[in-house]
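Close look at the chain arrangement
The lines below spell out each chain.
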Amino acid sequence: MIKATILVEELNNKKYDELLNDIYVDTNLLDYQRERYVKAINKYVSLYGDTDVEIYSAPGRSEVGGNHTDHQHGCVLAAAVNLDAIAVVGRVDNKIKVLSDDFDIAPINLEDLEIKKAEEGTSEALIRGVCARLKELGYNVGGFNAFITSDVLMGAGLSSSAAFETIIGTIISGLYNDMTIDPVVIAQVGQYAENVYFGKPCGLMDQCASSVGSLINIDFNDVAKPIVNKVDVDFSKFGHSLCIVDTKGSHADLTDEYAAIPMEMKKVANYFGKEFLREVDEEDFFNDIAGARKACQDRAVLRAIHLFEENKRVDQEVKALNNSDFETFKKVVKESGDSSYKFLQNVYANCDVQNQSVSIGLAMSEKIIGRNGVCRVHGGGFAGTIQAFVKDEFVTAYKTEIERVFGKGSCHVLKVRKYGGKKVI
């Protein structure tokens with residue numbers, strides 16, 4: 001650990017510029033990140049005093065392939081991106097106190113890690129759940145004060161909640177377990193906290209992508225031991241940039257829409273005597289579409305059709321990237337987006353059909369991009385962001401035009417980050 005004010009001085013003297021460039025993969029971001037870190041440390045000092053501190057980071061993620069497959073034990077392709085949550089942390093006894101940007105989170109007493117019904121849907125639930133599960137798994141858990149700030153877009157499909165869960169788990173790994181907790185375990189603990197304490201039935205992809213880092217292909221056939229393989233490709237060599245556009249719709253109050261997807265898919269699986277769709281034989285499914293429709297209703301059947309084909313598309317995307325066949329990769333990305341719109345039906349919420357910002361984003365992106373790239377719904381869907389792979393020479397034009405629709409700063413040109421949850425300093 002290092003005294004907070006000394007760390008500010010070292011950052012201002014550019015001691016950590018090489019480290020920051022390694023993490024954020026863009027020399028143009030050095031001034032921004034340096035100032036961001038200094039501001040966060042100064043905020044910590046104003047809250048808790050000039051103590052010894054450490055700094056941790058956990059990235060947002062971009063889902064590249066495998067839309068809503070993880071909760072059915074399917075396959076995904078996901079990338080950690082260079083937007084992240086950072087935490088300035090000081091060690092204390094018996095409690096965890098966090099201020100996260102403007103959210104003053106109530107202290108968590110580490111002697112009381114039971115589920116609190118009144119905490120459902122809150123940051124307190126996530127912290128308590130992460131600590132409870134890590135303690136249950138036999139890891140050391142202890143207290144800390146922290147100021148956390150994040151530039152991962154909240155409610156916009158880049159998984160700000162997964163970054164938050166990952167950074168809490170990574171802090172505990174660093175402060176009390178010598179950074180020995182496996183990143184996949186931290187991801188599983190984050191999912192547990194979100195499912196059991198927070199009350200949201202999410203899969204494991206978001207947490208795994210944030211915790212592990214890089215571009216990763218994950219097979220969740222055995223969720224206790226997911227197979228995680230890094231896909232070692234350099235996106236820059238393909239002459240395209242990854243653009244994430246914030247369409248300004250929020251994921252707030254859409255939990256029921258998200259919950260309906262795994263619920264309906266499992267209903268189809270149950271009809272065939274299985275718990276998850278990954279276990280259902282595809283030929284059996286298509287041979288009994290009529291029975292499945294009658295038992296499960298049409299939307300559930302359509303969502304199952306998406307799942308079967310989406311798992312195949314992930315393999316196709318990985319193969320295309322490994323073969324440096326970016327044209328095939330883009331074609332499959334487009335097919336994935338079309339399937340999400342038509343069959344998965346997660347581009348807008350049925351409970352609020354007049355608000356379709358993602359649909360507008362896709363329609364305008366297709367018009368603007370033409371043959372200069374592809375776009376698709378991003379993340380959980382219903383609101384939030386779209387994703388576009390755009391030719392480098394067309395990025396400025398795309399950014400200018402799409403920001404005429406959604407406002408200045410709504411288009412983020414991102415890099416794939418090689419680190420997941422990390423102790424920075």
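Criteria and cut-off values
- Within each chain, residues carry numbers counting from 1 in the order of the written sequence.
- Only residues with pLDDT of at least 70 get local features here, since the model is predicted, and only at 80 or more are side-chain atom pairs given and counted; chain-wide, interface and lining totals rely on the full set of residues.
- Remark: hydrogens and water are excluded; side-chain values derive from all non-hydrogen atoms of the structure.
- The start and end points of each domain follow an automatic or database-based domain assignment.
- Accessible area, probed at 1.4 Å, shrinks when two parts are joined; the buried area is that loss added up over both.
- Throughout this description, the term salt bridge denotes a Lys or Arg side-chain nitrogen within 4 Å of a carboxyl oxygen of Asp or Glu.
- Within 3.5 Å is the distance limit for a polar contact, defined as a pair of N or O atoms, with the added protein rule that one can donate a hydrogen and the other accept it, and that residues adjacent in sequence qualify only through two side-chain atoms.
- Strands are runs of DSSP state E lasting at least 2 residues, helices are runs of H or I lasting at least 4, and numbering of each runs from the N terminus.
- Only protein chains enter the calculation, and the probe is 1.4 Å; a residue is then buried if its accessible area is under 20% of its type maximum, exposed if over 50%, and partly exposed in between.
- UniProt positions are given in the numbering used here, feature names are shortened, and annotations may be inferred rather than shown by experiment.
- Should DSSP find at least two bridges between two strands, the strands are regarded as paired.
- The axes are straight lines fitted to the C-alpha atoms, using for helices just the contacting stretch, and the angles between their N-to-C directions are given from 0 to 180°.
- Contacts: residue pairs with any heavy atoms within 4.5 Å of one another.
- Reported orientations rely on four angle classes, namely roughly parallel under 35 degrees, roughly antiparallel over 145, roughly perpendicular from 65 to 115, and oblique for the rest.
- Less than a right angle of anticlockwise turn of the near helix away from the far helix marks a crossing as left-handed, whereas a clockwise turn marks it as right-handed.

1. What to know about the domain arrangement of the protein
Taken domain by domain, the protein holds domain 1 (2-233 + 418-423) and domain 2 (236-414). Together domain 1 and domain 2 conceal approximately 3,000 Å² of surface at their shared face, both sides included; 62% is due to carbon and sulfur atoms. Looking at the side of domain 1 facing domain 2, the largest losses of area belong to Asn67, His68 and Gln72, adding up to 23% of the total buried there. Taken together, domain 1 and domain 2 are joined by two salt bridges. Here domain 1 is connected to domain 2 by 16 residue pairs in polar contact (both at pLDDT 80 or more). At the level of elements, strand 2 (52-65), strand 3 (75-92) and strand 8 (215-219) are the ones that each hand at least two residues to the side of domain 1 that touches domain 2. The dominant element in the side of domain 1 that touches domain 2, judged by the number of residues it contributes, is strand 3, at six residues.

2. Let's talk about unusual backbone geometry
With a phi angle near 65°, lysine 14 is a residue other than glycine that sits in the positive phi range. As for its position among the elements, lysine 14 is in the loop between helix 1 (4-12) and helix 2 (17-24). Located in the positive-phi region is glutamine 297, a residue other than glycine, with phi close to 75°. Its location among the elements puts glutamine 297 in the loop between helix 10 (289-296) and helix 11 (298-322). Classification of glutamine 297 as exposed rests on a relative accessible area of 57%.

3. Some remarks on the UniProt feature "domain: Galactokinase N-terminal" (unreviewed entry) in the protein
Mapped onto this numbering, the UniProt entry gives "domain: Galactokinase N-terminal" (unreviewed entry) at residues 43-91. The span residues 43-91 carries 12% helix and 63% strand; its end-to-end C-alpha distance comes to 16 Å.

4. Notes on the sheet that holds strand 12 (residues 385-391)
Strands sit in the order 11-12-10-13 across an open sheet of four strands; the sheet is antiparallel. At either margin of the open sheet sits one strand with a lone partner, and together these are strand 11 (373-377) and strand 13 (411-414). For this sheet the average axis-to-axis angle between neighbouring strands, irrespective of direction, equals 25°. Summarising the sheet, strand 10 (residues 240-246) and strand 13 pair through four bridges and their orientation is antiparallel. Residue pairing in the sheet places isoleucine 244 in a bridge with histidine 412 of strand 13. Its contacts with the sheet put helix 13 (residues 357-369) on strand 11 and strand 12, and the angle it makes with strand 11 is roughly 175°.

5. Focus: the environment of phenylalanine 286
Inspection of the secondary structure assignment puts phenylalanine 286 in helix 9 (residues 282-287). Between the C-alpha atom of phenylalanine 286 and that of valine 301, which follows or precedes it by 15 residues, the distance is 9.8 Å.

6. Overview of the pairing of strand 8
The buried fraction of strand 8 is high, at four of five residues. The pairing of strand 3 with strand 8 spans five bridges and is classified as antiparallel. Counterpart to alanine 79 in the pairing with strand 8 is leucine 215. Where strand 8 and strand 9 (residues 227-230) come together, four bridges link them in antiparallel fashion. Each bridged residue has a counterpart across the sheet, and for isoleucine 216 the counterpart in strand 9 is lysine 230.

7. Focus: the pattern of salt bridges
Going through the model one piece at a time under the given rule, you end up with 27 salt bridges. Residues arginine 128 and glutamate 119 are paired through a salt bridge, measuring 2.6 Å at the closest nitrogen-oxygen approach. Residue classification places arginine 128 among the buried residues on the basis of a relative accessible area of 6%. Residue glutamate 119 is classed as buried on the basis of its relative accessible area of 15%.

8. Here's the deal with the side chain of asparagine 82
Here asparagine 82 is to be found in strand 3. On the basis of relative accessibility, which here comes to 3%, the residue asparagine 82 falls in the buried class. In this structure the side chain of asparagine 82 is engaged in a polar contact, spanning 3.0 Å, whose partner is the backbone nitrogen of lysine 415. Excluding anything up to four places from it in sequence, asparagine 82 contacts Tyr24, Asp26, Leu29, Leu414, Lys415 and Arg417.

9. So, the packing of helix 5 (residues 160-176) against helix 6 (residues 183-198)
The geometry of helix 5 relative to helix 6 is characterised by a closest axis approach of 9 Å and an angle of 125° between their N-to-C directions. On the basis of the axis angle, helix 5 is oblique to helix 6. For the pair helix 5 and helix 6, the crossing hand works out as right-handed. Contacts from Ser161, Glu165, Thr166, Gly169, Thr170 and Ser173 of helix 5 reach helix 6 at Ile186, Gly190, Gln191 and Glu194.

10. Re the environment of valine 233
The residue valine 233 is located in the loop between strand 9 and strand 10 in this model. Sequence separation of valine 233 and leucine 215 is 18 residues, and the distance between their C-alpha atoms is 8.2 Å. In this view, valine 233 contacts Leu215, Phe238, Leu321 and Asn322; residues no more than four positions away in its chain are not counted.

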